[in-house]
Amino acid sequence: YGKQLVVRHEQHTFYFIVCSCWGCTDIICCVLFMAVILGYIAVGILAWLFGDPRHVLYPRNSTGWFCGIEPNEGRPNLFYFDILKCATSVNVMATALNGLQCPTTQVCVDNCPDQFWAVRFQSYLINVKPADVFNQSLCVPSIDLETTTKTVKEIVDMELCPFFYMPTTSGVADLISFRARSPTQLVLVFVFNRDIVNGFNAREIGVRIFEDFATSWPWILVGLLIAMVVSMLFLLLLRFTAPVMVWVLIIGVLGAGAYGIWHCYWEYDNYKQLSATITDIGFTTNLNVYLQVQETWLAFLIIISVAEAIILLTIIFLRTRILIAIALIQESSKAISHMMSSMLYPLVTFVLLLVCVAYWGATALYLATSGGPIYKVVALNSTVDDCSSINGTVDCDPQGFNSSDYPGCPLASCIFIKYNDEGLFQRNLFNLQIYNAVAFLWCVNFVIALGQCTLAGAFASYYWAFTKPDDIPMFPLSASFIRSLRYHVGSLAFGALILTLVQIARMILEYIDHKTRAAQNPCARFILCCMKCCLWCLEKFIKFLNRNAYIMIAIYGKNFCVSAKNAFLLLMRNVVRVVVLDKVTDLLLFFGKLLVVAGVGILSFFFFSGRILLPGHTFRSETLNYYWMPIITVVFGSYLIAHGFFSVYNMCVDTLFLCFLEDLERNDGSLQKPYFMSKNLMKILNKSNKAQKKVKGED
């Protein structure tokens, strides 16, 4: 890191200058990434200028006004005069006009109808005032039922008021008011809405859940705080409990295998007197029959015995490597105790990822709503021949449309057809959405890479401090973050780009599989399955390689390709140690997550279900509508908290492991090349320094 290291041995002091020529790495990729970010910003600005998210946030009535805002404020729901036309006329609309809006009048209302109603037949025969028949709030705003001279029949024929309506909920209007992209989609939404009308009220359930959260949120925060404290204590105490936990788990596995051997022999001896064999039984779906045969238990006995012997021999031959893994886990716990701020870094990554997701979602929304709506004169239900010349060919303005302007088509109406797709920007909306998705993936992978490199640099500064904690630099996490942004943006972007390309290939393959699934034969399905499996494995390998490359970048400051090659070769030269450390760490962290999530989950269950009562507080479980919602929230939040803390710990273990391997290969314990590893690791490897290290807290 280009700093002076001081080594004190007896009465002598030795000074070593560790020089490293830091400079920007992978500049070409850095420039490319910056260009993509600038282009991404430009796309967002264009989407903001041309898009209008109100198209998907608010329904529109027949006159083109949005419901719930502007002149229709206070009327957020969209009411369809003849909702059946949404299904019966959709094919005609799609074929004749290439449009997918319901060909019926739509008005904004404050509340949806809550009863069945229809115009009585007598209203057509006798002179009845329209105000006595229709509900003014469900008619178009342009008609005044008290002063109009039109008859009931004329009002119905011109669709100024509905002929009938049925009970609906606000969910119906919300779901079918959007502009469907396919006829099938519109029909499916209509069918689904009928199910809603039959009794499912999502809004009521949502209100109840919101009330539960409003009542229990302080105790949910308490549960999440407990999960955070337990996760932190578990990691900090691993320096003392790791050996016990590892060997208890190993002995438990061996004990389970020994019990299995004894049980199989006991069953084998019980069925010794029976003469039946597997050959006599043959093939049967009743598996219990096989368990009553002596040969079955003999096979189980042999399999478990062989597995037990393999595990025992593996542990005996790998005992030194297991001790190294335990020592590295303990050392990682010490490193985190000296850098407690590293435990909070996942919050930085979370915020940056949240910004990426929000920007991608907003850009996609604005792009999807780019282009104004196009309205045309339509008279689909008319039998007048004169209407064919204007049907779907004449543009119109729904806010100023008057059917009297078309005397030959008394049933003419102005309805939505599609969004404007003319112009350079509108014609390239699909390409811009692709650009939005690719840039989003690249940014997300870059943020993750930045977090890994930052943590690796901080933990590497701990390992290479000869006298701990005196030689640990000030604010190691902040220094590593600044160093990563100053020198290694190009390298991090390079690794993120490789991972992004693999993820795009997987998405394309999934899309092809989805679109061709109906026409696939078994051979094609097998080939696609193999290709998806290969790409999945490739993505996992790239993530593994990138992670270790970022560690080497943080240590030596070299470019991505050199760091990836050095990390891969270093790991391959120590592949057994890699496997042992990886499995031991995974085992410990798995039980840690299980302890945190299960413990906090059980505690929250007893509390929110009323089985634990705390004196002196006003909360009662009886006030909750669904007591399982806070429990699910606490369990899910506890898992996220444990995953965030343990991901930092896992990064610490991987970083110290690579530093340990580099230490072994580059140093020999001499005055010129002393080991930087802990005394415990040197004791396990039977190594020592001629210049004795001093670490606070060690004898």
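- An unreviewed UniProt entry annotates the chain as Choline transporter-like protein of Cyclopterus lumpus.
- UniProt, in its Sequence similarities (unreviewed entry) section for the chain, records the words "Belongs to the CTL (choline transporter-like) family."

Digging into the overall build of the chain
At step 1: Counting its secondary structure elements, the chain contains 23 helices and eight strands.
At step 2: Every one of the 699 residues in the chain was classed for burial, and the buried ones make up 43%.
At step 3: Of the contacts made within the chain by residues no fewer than 6 positions apart, 72% connect residues no fewer than 24 positions apart.

Considering the environment of Phe134
At step 1: Considering the arrangement of structural elements, one finds Phe134 in the loop between helix 5 (122-125) and helix 6 (152-157).
At step 2: Given the relative accessible area of 6%, Phe134 is considered buried.
At step 3: Linking Phe134 and Ala118, residues 16 residues apart in sequence, is a C-alpha distance of 9.4 Å.
At step 4: Setting aside anything within four residues of it in sequence, one finds Phe134 in contact with Trp117, Val119, Cys139, Leu145, Val152, Ile155, Val156, Cys161 and Pro162.

Section: the state of the cysteines
At step 1: This model, assessed by the stated rule, comprises two disulfides.
At step 2: With its sulfur 1.9 Å from that of its partner, Cys67 forms a disulfide with Cys108. Measuring handedness by torsion sign, the sulfur bridge of Cys67 and Cys108 sits at about -80° and is left-handed. Of this pair, Cys67 sits in the loop between helix 2 (54-57) and strand 3 (77-80) while Cys108 sits in strand 4 (residues 106-109), and the two are 41 residues apart along the sequence.
At step 3: Among the residues examined, Cys108 registers a relative accessible area of 5% and is labelled buried.

Notes on the nonpolar core
At step 1: Ranked by internal contacts, the top residues of the largest apolar core, which has 104 residues, are Leu235, Phe660 and Met677.
At step 2: Here this core gets 18 residues from one element, more than from any other, and that element is helix 16 (residues 429-463).
At step 3: Sequence-distant contacts of Leu235, that is, excluding residues within four places in its chain, are made with Ser333, Met343, Leu589, Phe645, Phe646 and Tyr649.
At step 4: One finds Phe79, Val140, Val152 and Val156 within the second-largest nonpolar core, a separate group that totals 18 residues.

Section: unusual backbone geometry
At step 1: Positive phi, normally seen in glycine, also occurs at Asp26, with a value near 50°.
At step 2: Mapped onto the elements, Asp26 comes out in the loop between strand 2 (12-18) and helix 1 (27-50).
At step 3: For Phe475, which is not glycine, the phi dihedral falls at a positive 50°.
At step 4: Note on placement: Phe475 falls in the loop between helix 16 and helix 17 (476-487).
At step 5: Residue Phe475 is classed as exposed on the basis of its relative accessible area, which comes to 60%.

Examining helix 20 (residues 560-572)
At step 1: Over its 13 residues, helix 20 runs 18 Å from end to end, which matches the ideal 18 Å to within 8%, given 1.5 Å per residue.
At step 2: By the burial criterion, the buried members of helix 20 are Phe560, Ser563, Ala564, Ala567, Leu570 and Leu571. Each buried residue of helix 20 sits inside an arc of 135° when the element is viewed along its axis, so together they form one side.
At step 3: Contacts made by the buried residues of helix 20 are with helix 18 (489-515), helix 19 (522-556), helix 21 (575-608) and helix 22 (628-666).

Digging into the environment of Tyr268
At step 1: Locating Tyr268 in the fold gives a position in helix 9 (residues 202-270).
At step 2: On the basis of relative accessibility, which here comes to 22%, the residue Tyr268 falls in the partly exposed class.
At step 3: Each C-alpha atom, one on Tyr268 and one on Gln294, is 5.3 Å from the other, the two residues being 26 residues apart in sequence.
At step 4: Those residues in contact with Tyr268 that lie beyond four places of it in its chain are Gln294, Trp297 and Leu298.

Some remarks on the packing of aromatic side chains
At step 1: One pass over the structure, following the stated rule, counts 22 aromatic pairs.
At step 2: Judged by centre distance (5.7 Å) and plane angle (40°), the ring pair of Phe234 and Phe646 falls under tilted. Pair noted here: Phe234 is in helix 9 and Phe646 is in helix 22, with a separation of 412 residues, a long-range link.
At step 3: Given the relative accessible area of 11%, Phe234 is considered buried.
At step 4: Classification of Phe646 as buried rests on a relative accessible area of 2%.
At step 5: Clustering of aromatic rings is evident, with ring pairs tying together Phe79, Phe81, Trp117, Phe134 and Tyr165.
At step 6: It is Lys558 that lies over the ring of Tyr556; its NZ or CZ is 5.8 Å from the centre.

What counts as what
Residues numbered from 1 in each chain as written. Predicted model: local features only at pLDDT ≥ 70, side-chain atom pairs only at ≥ 80, totals over all residues. Heavy atoms only, no water. UniProt positions renumbered as here; feature names shortened; annotations may be inferred. Helix = DSSP H or I, 4+ residues; strand = E, 2+ residues; numbered from the N terminus. Buried < 20%, exposed > 50% of the residue type's maximum accessible area, 1.4 Å probe, protein only. Contact = heavy atoms within 4.5 Å. Disulfide = S-S within 2.5 Å. Core = buried A, V, L, I, M, F, W, Y, C linked by side-chain atoms within 4.5 Å. Expected span 1.5 Å × (residues − 1). Arc of directions from axis to C-beta. Phe/Tyr/Trp six-rings, centres within 6.5 Å; stacked < 30°, edge-to-face > 60°. Lys NZ or Arg CZ within 6 Å of the ring centre and 35° of its normal.

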